[in-house]
Amino acid sequence: MNRYFQEVLDAHELIRCWLGDSSTHPDVCENLLARFSPAYSMVTPSGALLDYTTLNTFFRTQCGAKAGLQIEIEYMQVIAESDKGATVTYQECQIIPEQSSTLRFSTVVFELDHEGRVIWRHLHETSMPQT
């Protein structure tokens, strides 16, 4: 599998574990946060701009906040790829028991660090209507 697609899947599995289960070991959060650039930025579905500090605070305070969370990733596509990283799009559905699911379209810019590790540099999420 394409390494950028694998990173999308792996990061979302960590997010699912961390947000969906309050008994998750803190190492999961550390592993998750290590995937993001210190220069990370994000545009949320509501249009807010977040940086790495805000992301860090969010994840550290949200263990188990979405009990039972399930995340489905579909339709991954590479938009551009170079020796320095890639831009990838995907569709994400979040399902929480007894709540309406959310669907979003995401575009992520990945960088490769000095060790060749895939790092999240920028993420833009757009809410999508459920069909």
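What counts, and at which threshold
Residue numbers run consecutively from 1 along every chain, following the written order of its sequence. Totals for whole chains, interfaces and linings use every residue, but because this is a predicted model, local features are given only for residues with pLDDT of at least 70 and side-chain atom pairs only at 80 or more, for both listing and counting. Values reported for side chains reflect all heavy atoms of the structure, with hydrogen atoms and water molecules removed beforehand. In this scheme, a residue with accessible area under 20% of its type's maximum is buried, one over 50% is exposed, and one in between is partly exposed, where area comes from a 1.4 Å probe on protein chains only. Runs of E in the DSSP output that reach at least two residues are strands. Runs of H or I that reach at least four are helices, and both are numbered from the N terminus. Taking the helix axis as origin, the arc is that swept by the directions to the C-beta atoms. Contacts between residues were defined by any pair of non-hydrogen atoms, one from each residue, lying within 4.5 Å. Under this definition, polar contacts are N or O atom pairs within 3.5 Å; protein pairs additionally need one hydrogen-donor-capable and one acceptor-capable atom, and for neighbouring residues in sequence, both atoms have to be side-chain atoms. Strand pairing follows a simple DSSP-based rule, namely that at least 2 bridges must link the two strands. Every angle, taken between N-to-C directions, lies between 0 and 180 degrees, and every axis is a line fitted to C-alpha atoms, over only the stretch in contact when it is a helix. Buried Ala, Val, Leu, Ile, Met, Phe, Trp, Tyr and Cys residues that are joined via side-chain atoms within 4.5 Å together make up what is termed a nonpolar core.

Draft legend 1. Representation of helix α3 (residues 52-60) in the model. Those residues of α3 lying buried are L55, N56 and F59. For α3, the angular spread of the buried residues around the axis is 100°, confining them to a single face. Next to the buried residues of α3 lie α1 (3-20), α2 (26-33), β1 (36-43) and β2 (49-51). Its side-chain oxygen 3.3 Å from the backbone nitrogen of T53, D51 forms the N-cap of α3.

Draft legend 2. The arrangement of the sheet that holds strand β5 (residues 102-112) in detail. The six strands lie next to each other as β2-β1-β6-β5-β4-β3, forming an open sheet whose pairing is mixed. Each of the sheet's edge strands pairs with one partner strand only, and the pair in question is β2 and β3 (70-82). Neighbouring strand axes in the sheet, compared pairwise and without regard to direction, differ in orientation by 15° on average. Bridging between β5 and strand β6 (residues 118-128) involves ten bridges; their strand directions are antiparallel. Looking at β6, one finds that V109 is bridged to H122.

Draft legend 3. Fine view of the nonpolar core. By size, the foremost hydrophobic cluster in this structure holds 29 residues, and its most contacted members are F59, V88, F110 and W120. Secondary structure elements with two or more residues in this core: α1, α2, β1, α3, β3, β4 (85-95), β5 and β6. No other element matches the eight residues that α1 contributes to this core.

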